[in-house]
Structures are given as C-alpha cells and as structure tokens.
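# Reading the structure
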Amino acid sequence: MSDNRFATEDESRAVAEAAREEQWKQRSFMKELFAGSLSLSLIHPHPEPDAEEQTRAADFLARLETFANEHIDGDAFDQEGWVPDAVLEGLAELGAFGIKIPQQYGGLALSQVSYNRALAIVSSRCASTGAFLSAHQSIGVPTPLVLFGTEEQKQKYLPRLAKGALSAFALTEAEVGSDPANMSTVAELSEDGSHYVLNGEKLWTTNGPRADLMVVMARTPPREGVKSKRPISAFIVERDWEGVEVGHICRFMGLHGISNGVMHFRNVKVPKENLLWGEGLGLKLALITLNTGRLALPAFCTAGAKTCVEVSRKWAAERVQWGAPVGKHDAVAQMLGRMTADTFAMDAVVELTAAMSDAKRFDIRLEAAAGKLWHSEKAWVLVNDALQIRGGRGYETAASLKARGEMPAPLERMVRDMRINLIFEGSSEIMRLFIAREAVDRHLAVAGDMVNPRAPMGRRIAAALKAGVFYAGWYPTRWLGWGRWPRYGEFGPLAGHLRYVDRTARRLARSLFYAMVRFGPGLEKRQAVLGRLVDIGSELFVMTACCVSAARRTRQDPADLTAHELADHACRLARLRIRGHFRELFRNEDSRTYRLAQRTLEGRYAWLENGNVSGPDSSTAGDDSSSAPAEGMFDQSTTSGASAAGVA
C-alpha cells in the first residue's frame, strides 16, 4: 500500500474499466442514437413531472426565490471571498440542503426537475452559493448515501444532512485527476477489524474546509473477491474526527465565495460501518452518482445564459451608436441571435434530461455527460459574447458600474465564474473520451478482441468471425431507413430537422464504424477524431430536445409559436456545426498538429518564448501546483474521467 509509483497505462485502464457500469439495464436514447437509431418514442411526448410533487415544489421554490432576492448578494460574496454562515443557515431552514433526500429522513423528496430549478434560482444570484448546494447534494454525501448506503447509515446521517450539515467529496490528489490509479491515500483495516486507518491528502475539496461530513476515496488492500488489483473504496468521514485537518484554503480565478481546500487525513480512525457500498466499489459509486449529479451543471450554465440574454437584449436595444440601437447592427445582431437560440436549446436539454432522470426508466449516463459537455462549452461562448456586446461596461466590475450610477450587470464576475465549468465534473476532453467509450461499447462487445493487440490469436480469430456475422447484418441497416417527408409530420415546420437527425444518426453510426476499421487499436489515441464523433452525437441530441420541447410548449399553448422559432434556428445552427465535424472527420491536420506539439515539448521552438521576463516562480516546474492533473479542478470533477481510458 505504500507504492507511490505512477500507474502504467494498462493499470490505469484496468482501474477505469473496473469502475465502468458494464450493463445497460435500461434504454439510452443517446446510445441508440450513436448506433444509428432515432428512438424518438423514448422522449416524445416529453416526460412530465408528478403533479403532486410539482405542487410541493412550487411552494419551496417561491420561498427560495424570495430568500435569494433578499439575502444572496453575489457581488458582495465575490468581493469578500465568503458566503456568510447566515446565508447557508437560512438555506438550511428552507430545506435547500435536503432537496432530494427522502421525507422519512427529513428531506423534501423533490425531483431532479425541481432540484435544477432551485439551483438555477440560487446560482442566478451567486454561483458560489449555488456551488455549496450542488457540491453538497450532487456528489457529496447525500446522493451516494441514498443510492448505496445501509439503512443504519441513512438513519445516522441523512437527517443531519437534510438539516444543513454541509458535505463534501474528496477524490483529487496532486497526482490524481482523471487517472485515479495513481491514488496515494490509503485506508487499511485495523487488526481487530473494527475500523480503517485513513492516511493521505486530498486536493481541491469543494466545501471541504467548512464541511461537517465528506465522502473520501482511498485505496484499500487487494482482497479475494475484489475485482480491481488497485481497489478504491469510499468512506463517510466526519470533519471533527481526530486527524482530519484543513491544510490549505485554495483561491481561484472565479467562484471567490466557495469553500475549497487541501484536506489532510493523518491516522484517522474510520469505523468499519462507514464504508460505503463495499471495498473496491468507490469509483463505480462515484460514476453512478455522477450520472444524475452531473445534471446540475447544465442547470447552472443555463441560468447564466438566461442572464446573458436579458442583459444583452436590454443593452442592445438601449445603446445607440451610428444612429441606431447596437442590436440593429449586424455584428451585434448575429451574437444576440445565436445567444437566444442556444439558450433555448440549453433550457430544452436541462428540462428533458431532468425529466428523464425522474422517470426512472432510462440510462442517462450519456445524456448527462453530453449535457455537461455541450452546456459548459456553449455557456462560455455566450458569456463572452454578452461581455462583447456590453463592451467596456462588460469588462468593468458591477461594483464600479454601480458607483458610477449605471446598471451593475455582473458580466465580469460571470466570465470568471463560468470558466471553471469546462473543467470540473469532467473536463471537456475527458467528457469526450467518456462518451466515446460508451458509444463504442456495442462494437467492442462484438469486435473488441479483434482489435486488441493484447488478445491471444485464438480469441482474435474468433472475434473476427463473430464480427463478420454481426456486421454483415448490421451495416446495411445503417443505410436503410426512411428519413424523408412525410415522416415526423406532427412536428410541423420542425419535422425537417427530425428527419435530418434520423438520417444523420445512421451516418454517424457508419462513421464510427469506419473510424474503428481505419484506426483499429489506435483509435483510442485519435482523440480529435473521437471528439468530432461525440460532438456530432451531442448536437443531434440537442436538436431532438429542441424539437420535443417546442412541441410540448405548443401543446400547452397552440397560439404561441415562439418556441418553434427558437427551436428552428437552434437546429439550423447545429446542422452547420455537424457539417463541419463531418467535413473534418478524416480530412484534417490532426497528425501534423500532434507532431508539432511533440516538437514543442522537446523544446525545438523554445526561441519563440524569448523576449518575455519570466516571473520569480517560473522555474518551479516540478512542484505540486504545476504537476497536478489538468483534467480536473474541484475534486467532484475528476471521477468522470475514471472510465475514459481504453476507448478501443
């Protein structure tokens, strides 16, 4: 257990694969989309929330909105670098720390739809305050405990959590980001078997310095019956136990009000009954938890996007330059139009994925990952466009604007806060690998041994025969199918977009197959190619969500066609992006760019850096801050990378 060497590629892959959910026990819309099928009946008509739950939620959300308006001041918390205890206590009194905890344990037992709406209300006032609620409930102790805890664990901890005991999740270490195989924190069972002795250090633990409870991931000794050779287990740890210490408070570019730090665990005695689920199941627990926990971040992004639209719309209508409001000038109008259509798309996906989660009849691991990926990247574009539209007033702080008597639009703060979304809960790069791995799962089940150079020749031959039989029947069906008029006619003017999704899904499946044939075992190294395939699938899902959402709104109010207008334009923009991805799929400069990057690493172009004055710390290339994994920041981000290794 004292072995601190870096894991090999094979060891990292083994840890990742052991943590994957191998079975698809329920249907997945996106999995079928990647296989070439538009299974529209899965999500249309749009799943609807429970009426009784929505009534209970409406009262809570109304009280939460009032509290947020009266007590949550994002600009003040940002300047002070602190969310006041009184605010967290007030949220706890409302029940905001137990939104999804069952009622028998003191929680509100509300849906994912309602949870997302609550997070949107809070984060629209202050992203840092929203992060407290999300880190506590999405990946902190409550959700893993509800899903995997024993009844004794639930009775002991859930009432405390529902009342406001803050929780955190501790995974990341200086050498552990998207590659948990390198974990050095260890938990060893005592000689009498009554407790584990926990030792290690965790980095970027969101809520950690102020948390009462936390889920801590640690390596446990390999044992008979434990699948992984480098097992990682999850433990519930109480903050006030001896040996639990805050080593450092971390400060960041944005989210100044969050509580995040380095946590030390020195000979911490963790009762055996605080092991969650079982030894060696820690990463699997984290990944399953993230299937729904990851839905919170798109809700945050969408709330920010709506603020961007509102601020930009008002400014573009009021600000006059060259004889007309700036929104009348094409350059600004293009940004505002895209912003509006994309915000509708973001909202459609958030509502749909949350409803799918609540329905309990879907496997949403791909939809949740795609939502996180698409929303975080789109929100970053949106907030930059909003700043650009506001110009100097976008770059100026809200406090300075207010002091000058102008509207204190917080775009400068939002840009800083929004940037982390592309990194935590799975960086964009890791999300693409995660989705790609799941997208090719069916192909690997059929032909995995055929393209695996480590497989014995006998297994490779058997896999080749099996693949030949499968693809002889499968491949022709990726060409067949009617994706033309009059199919999907009930969607009116949006039917053409769904027909496009139908046809393009089959093309995507064929392209994925071509990539596997073309690159074979090397496909996992062609991450740019995989990324384009993933982006196509994500865009198709977004298009479908737009159409389904617009149809739902039209059923509620047939006279209102505004949603159709927004869905139509969002789909048109998505089609442009999809065409670009297909065009560059196999005709690109990926190999040359890779070679150039390797030469850069070798220092071949170091002369390019001449002319700058290096800072005093520029030579500390080997310290923890620069050698830490780039894939994750706050540690709820990093578990999503655990199943990314070994795409093919």
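Residues numbered from 1 in each chain as written. Predicted model: local features only at pLDDT ≥ 70, side-chain atom pairs only at ≥ 80, totals over all residues. Heavy atoms only, no water.

Helix and strand counts for the protein come out as 24 helices and 10 strands. In terms of overall dimensions, the protein is globule-like: its C-alpha atoms have a radius of gyration of 25 Å, near the 26 Å expected for 648 residues. Dimensions along the principal axes, computed over C-alpha positions, put the protein at roughly 75 × 70 × 65 Å. Of the contacts formed within the protein by residues at least 6 apart in sequence, a portion of 78% connects residues at least 24 apart. Accessible surface computed for the protein: about 27900 Å², of which carbon and sulfur atoms make up 53%. Between the mean site of the 79 positive side-chain charges and the mean site of the 78 negative ones, the protein shows a separation of 8 Å. (Helix = DSSP H or I, 4+ residues; strand = E, 2+ residues; numbered from the N terminus. Rg over C-alpha atoms; globule rule 2.2 N^0.38 Å. Contact = heavy atoms within 4.5 Å. Areas by Shrake-Rupley, 256 points an atom, 1.4 Å probe, with all protein chains shown as cover. Lys, Arg positive; Asp, Glu negative; His and termini not counted. Charge placed at Lys NZ, Arg CZ, Asp CG, Glu CD.)

Next up on the list: the side chain of Ser538. Mapped onto the fold, Ser538 is located in helix 21 (residues 527-556). Beyond its immediate stretch of four places on either side in the chain, Ser538 contacts Met30, Ala370, Leu373 and Trp374.

This paragraph deals with empty space enclosed by the protein. By the definition in use, this model includes two cavities of 30 Å³ or more. Here the second largest cavity defines a volume of roughly 30 Å³. Going through the elements one at a time, helix 4 (74-80), helix 7 (127-139) and helix 16 (411-418) are the ones with two or more residues in the lining of the second largest cavity. With three residues, the single largest contributor to the lining of the second largest cavity is helix 4. (1 Å grid on protein atoms, 1.4 Å probe; cavity = no way out; pocket = protein on both sides within 12 Å on 5 of 7 lines; lining within 4 Å. Points joined across faces, edges and corners; volume = space filled by probe spheres on them.)

Any empty space left between the atoms is revealed when a probe the size of a water molecule rolls over them. Roughly 1100 Å³ of volume is contained in the largest pocket. When residues of the lining of the largest pocket are traced back to their parent elements, those giving at least two are helix 6 (112-125), helix 8 (142-148), helix 10 (282-293) and helix 12 (330-359). Per element, the largest residue contribution to the lining of the largest pocket is five residues, and it comes from helix 12. Class assignment of the residues belonging to the lining of the largest pocket gives a composition of 15 nonpolar, nine polar and 14 charged. (Nonpolar A, V, L, I, M, F, W, Y, C, P; charged D, E, K, R; others polar.)

Turning next to unusual backbone geometry. Phi is mostly negative for residues that are not glycine, and the peptide bonds are mostly trans. That bond from His44 to Pro45 is cis: its omega, 0 degrees, falls within 30 degrees of zero. Relative to the helices and strands, Pro45 is located in the loop between helix 2 (29-34) and helix 3 (51-71). In this model, Trp485 is joined to Pro486 through a cis peptide bond whose omega is 10 degrees. Residue position: Pro486 is located in the loop between helix 19 (457-477) and helix 20 (495-519). With phi around 60 degrees, Lys360 is a residue other than glycine that occupies positive phi space.

Quick look at the pattern of salt bridges now. If you walk through the whole model with that rule in mind, you get 35 salt bridges. Between Asp78 and Arg416 there is a salt bridge whose closest N-O contact spans 2.9 Å. With Asp78 in helix 4 and Arg416 in helix 16, this residue pair connects regions lying 338 residues apart in the sequence. Judged by its relative accessible area of 13%, Asp78 is buried. Taking the relative accessible area as the measure of exposure, Arg416 reaches 15% and is therefore buried. Salt bridges sharing common partners tie together Arg20, Asp363, Arg365, Arg437, Glu438 and Asp441. (Salt bridge = Lys/Arg side-chain N within 4 Å of Asp/Glu carboxyl O. Buried < 20%, exposed > 50% of the residue type's maximum accessible area, 1.4 Å probe, protein only.)

Below, the discussion takes up the nonpolar core. With 106 residues, the main nonpolar core has Phe29, Ile435, Phe491 and Leu540 as its most contacted residues. With 15 residues, helix 21 is the single largest residue contributor to this core. Sequence-distant contacts of Phe29, defined by excluding residues within four places in its chain, comprise Leu38, Ser39, Leu40, Leu42, Ile43, Met356, Glu367, Phe541 and Thr544. (Core = buried A, V, L, I, M, F, W, Y, C linked by side-chain atoms within 4.5 Å.)

Once that is clear, we can look at helix 6. The terminal C-alpha atoms of helix 6 lie 20 Å apart, and with 14 residues this matches the ideal 20 Å at 1.5 Å per residue to within 8%. Counted residue by residue, helix 6 has 10 buried out of 14 residues, so it is predominantly covered. All of the buried residues in helix 6 are Gln112, Val113, Ser114, Tyr115, Asn116, Ala118, Leu119, Ile121, Val122 and Ser123. (Expected span 1.5 Å × (residues − 1).)

What follows is about the environment of Phe60. Mapped onto the secondary structure, Phe60 falls in helix 3. Placed 132 residues apart in sequence, Phe60 and Asp192 show a C-alpha to C-alpha distance of 48 Å. The contact partners of Phe60, leaving out residues within four places of it in the chain, are Leu94, Gly95, Ala96, Ile99, Leu108, Leu110 and Ala118.

To continue, consider the environment of Ser114. As for its position among the elements, Ser114 is in helix 6. The spatial distance from the C-alpha of Ser114 to the C-alpha of Ala58 is 8.4 Å, given a sequence separation of 56 residues. Setting aside its immediate chain neighbours within four residues, Ser114 contacts Glu53, Gln54, Ala57 and Leu61.

Turning to helix 23 (residues 590-601), a few remarks are in order. The end-to-end C-alpha distance of helix 23, which contains 12 residues, comes to 17 Å, matching closely the 16 Å that a straight helix rising 1.5 Å per residue would cover. Following helix 23 by one or two positions, Gly603 has its phi on the positive side, about 90 degrees.

Together, Met457, Ile461 and Leu465 give the surface a local cluster of nonpolar side chains, amounting to about 330 Å² of exposed area. Counting through the fold element by element, Leu465 comes out in helix 19. (Patch = residues over 30% accessible without salt bridge, like charges linked within 9 Å, V, L, I, M, F, W, Y side chains within 5 Å.)

At a minimum axis distance of 9 Å, the contact between helix 21 and helix 22 (residues 562-584) shows a crossing angle of 170 degrees. As far as their axial angle goes, helix 22 and helix 21 are roughly antiparallel. For the contact of helix 21 with helix 22, a count of residues per class yields 13 nonpolar, four polar and seven charged. (Axes fitted to C-alpha atoms, helices over the stretch in contact; angles between N-to-C directions. Parallel < 35°, antiparallel > 145°, perpendicular 65-115°, else oblique.)

Right, let's talk about the confidence of the model for the protein for a bit. Averaged over every residue, the pLDDT of the protein is 91; residues scoring 70 or more account for 94%. Considering only residues more than four positions removed or in separate chains, one finds that residues 620-648, a stretch of pLDDT under 50, has 110 contacts. (pLDDT = per-residue confidence, 0-100.)

Before going further, it helps to examine the packing of aromatic side chains. In this description, a pair of aromatic rings is defined by centroid distance and the angle of the planes. Counting across every chain of the model gives 12 aromatic pairs. Ring geometry for Phe29 versus Phe541: centroids 5.9 Å apart, planes at 50 degrees, classification tilted. With Phe29 in helix 2 and Phe541 in helix 21, this residue pair connects regions lying 512 residues apart in the sequence. Taken as a pair, Phe29 and Phe541 share a single burial class, namely buried. An aromatic cluster of at least three residues, connected via ring pairs, comprises Phe470, Tyr471, Trp474, Tyr475, Phe513 and Tyr514. The ring centre of Tyr500 lies 4.2 Å from the NZ or CZ of Arg575, which sits over that ring. (Phe/Tyr/Trp six-rings, centres within 6.5 Å; stacked < 30°, edge-to-face > 60°. Lys NZ or Arg CZ within 6 Å of the ring centre and 35° of its normal.)

Another aspect to go through is the state of the cysteines. Here, disulfide denotes a covalent bond that connects the sulfur atoms of two cysteines. Throughout the structure, instances matching the rule amount to zero disulfides. Note on Cys126: no disulfide assigned, nearest cysteine sulfur contributed by Cys301 at a separation of 15 Å. Not part of a disulfide, Cys301 finds its nearest cysteine sulfur in Cys308, a span of 10 Å. (Disulfide = S-S within 2.5 Å.)

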